[in-house]
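# Working through the structure, step by step
Each chain is listed here by its residues.
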Amino acid sequence: MAAAAQTGAGVRLRLLMLPLALAAVLGGGGLDAQTHVIIVTGASGEPQYAASFHAAGSSLVDALVVRHGFTLDDITYLAEDPSRDTKRIDGKSTKQELTQAIARVAARSGDRVLLILIGHGSHAGSDSRFNLPGPDLTAAELAVMLEPLKTKQVAVVNAASASGDFMSVLSARNRLVVTATKSSYERNETLFPKYFVAAFTATGADTDKDERVSLLEAFTYAKREVTRAYETDSRLPTEHAMLNDEGVARRFIIGARTATAATGNDSNRAMVMRKEQLEAQVDSLRRRKDTMTAEAYQSQLERLLVELARVNQALREGKSP
């Protein structure tokens, strides 16, 4: 009876810890990978939009460099008016310049590419468009442009109005897509880019407290803050952001380990590394699920999730697991 009671208690303990373990997996992480970022701010139409688009683009550049371990060589910033900020802006945001920027990144080493479009969108006939100086960029044209990056993991964030239709056109293997709206009919100016950028400049997006921001964390933060802004102003929301793969997005880390790796103590660094190893093991196990018995898969998954939960909780509390 005593042995049975102990066994039952152990099962209950593991079951109680599984939600925490799942939260740890959902929290993000993933092994460090070099990321190249391409920021594109489009045609503004009015001075107020030119100012807001540039504020978002330049703030993101600064946050990536100061807070997230990037160098300016890792970032390409294309804008409507390059003379506005020659220190940060690398070229004009035309289709030709964007094509060349993608080709340069494709030729470089590095595992991940993040492309962010900030500006106005529109819809004409069957084509959704991102408004650029000169000819606009259609979703179909962007899909072709991205072909040279097919060996890399790519995330495309279209933060513009009327961006929703880019989702179906751009979604592909090894590619994440975020849109600020759910369709091309949501055509009002979007708040999403402001809060998406804020996810990297503030601290509220880092939900797992590992001092890094995943694409999922940035998306979740921006979507929540957009909703809050509309509620505060007592307005019905005119934008509904979308993400095509939360599972991959939680492992798409923007930048390398920064503060935790650079300034944390040895114990903290070891926990971060152990967390990443466990997350990689969970991913590997899930890929092998079809080759295993259900019992073996569940047993190994439970063991990894429970240990991952302990490590993740220890990181949040600053303790040893």
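I will try to describe carefully the structure that is included in this document. Keep in mind that this is a model prediction, so the values were computed, not measured.

Reading guide: rules and limits
- Residues numbered from 1 in each chain as written.
- Predicted model: local features only at pLDDT ≥ 70, side-chain atom pairs only at ≥ 80, totals over all residues.
- Heavy atoms only, no water.
- Pairing = 2+ DSSP bridges.
- Helix = DSSP H or I, 4+ residues; strand = E, 2+ residues; numbered from the N terminus.
- Contact = heavy atoms within 4.5 Å.
- Axes fitted to C-alpha atoms, helices over the stretch in contact; angles between N-to-C directions.
- Parallel < 35°, antiparallel > 145°, perpendicular 65-115°, else oblique.
- Left-handed = near helix turned anticlockwise from the far one by under 90°.
- Salt bridge = Lys/Arg side-chain N within 4 Å of Asp/Glu carboxyl O.
- Expected span 1.5 Å × (residues − 1).
- Buried < 20%, exposed > 50% of the residue type's maximum accessible area, 1.4 Å probe, protein only.
- Core = buried A, V, L, I, M, F, W, Y, C linked by side-chain atoms within 4.5 Å.

The next subject is the sheet that holds strand E8 (residues 153-158). Strand order in the open sheet formed by seven strands is E3-E2-E1-E4-E8-E9-E10, and the pairing between neighbours is mixed. With partners counted over all chains shown, the strands left at the sheet margins are strand E3 (91-92) and strand E10 (242-243), one partner each. Taken together, the two bridges between strand E2 (residues 75-79) and E3 define a ladder with parallel strand orientation. Along E3, the bridge assignment pairs leucine 78 with glycine 91. Against the sheet, helix H3 (residues 95-107) contacts strand E1 (35-41), E2, E3 and strand E4 (112-118), and its axis sits at roughly 175 degrees relative to E1.

The subject of this paragraph is the packing of helix H6 (residues 192-201) against helix H7 (residues 215-232). Where H6 contacts H7, the axes come no closer than 8 Å and their chain directions differ by 130 degrees. With respect to their mutual orientation, H6 and H7 come out oblique. Crossing handedness for the pair H6 and H7: right-handed. Of H7, the residues touching H6 (which contributes Phe192, Tyr195, Phe196, Ala198, Ala199 and Phe200) are Leu215, Ala218, Phe219, Tyr221, Ala222, Lys223, Glu225, Val226 and Ala229.

What follows deals with the pattern of salt bridges. Applying the stated criterion across every chain yields a total of nine salt bridges. Between aspartate 62 and arginine 88 there is a salt bridge, and its shortest N-O distance comes to 2.9 Å. On the criterion of sequence distance, the pair formed by aspartate 62 in helix H2 (residues 47-67) and arginine 88 in the loop between E2 and E3 is long-range, its members being 26 residues apart. Its salt-bridge partner being arginine 108, residue aspartate 73 comes within 3.0 Å of it at the nearest N-O pair. With aspartate 73 in the loop between H2 and E2 and arginine 108 in the loop between H3 and E4, this residue pair connects regions lying 35 residues apart in the sequence. Each member of the salt-bridge network shares a partner with another, and the members are Asp62, Asp85 and Arg88.

The next point concerns H2. Compared with an ideal rise of 1.5 Å per residue, which puts 21 residues at 30 Å, H2 spans 29 Å between its outermost C-alpha atoms and is within 8% of the ideal. Residues Tyr49, Ala50, Phe53, His54, Ala56, Gly57, Ser58, Leu60, Val61, Ala63 and Leu64 constitute the buried set of H2. Close packing links the buried residues of H2 with E1, E2, E4 and H6. In the stretch just after H2, glycine 69 is the one whose phi turns positive, near 80 degrees.

Among the nonpolar cores identified, the biggest contains 46 residues, and Ile39, Leu114, Val157, Phe192, Phe196, Phe200 and Leu215 are the most heavily contacted of them. Secondary structure elements with two or more residues in this core: E1, H2, E2, E4, E8, strand E9 (175-179), H6 and H7. Counting residues per element, this core draws most heavily on H7, at nine residues. Beyond its immediate chain neighbours, meaning those up to four positions away, leucine 114 contacts Thr35, His36, Val37, Ile38, Ala155, Val157, Leu215, Phe252 and Ile254. Formed by 26 residues, the second largest nonpolar core is a distinct cluster that contains Ile102, Val113, Leu149 and Met167.

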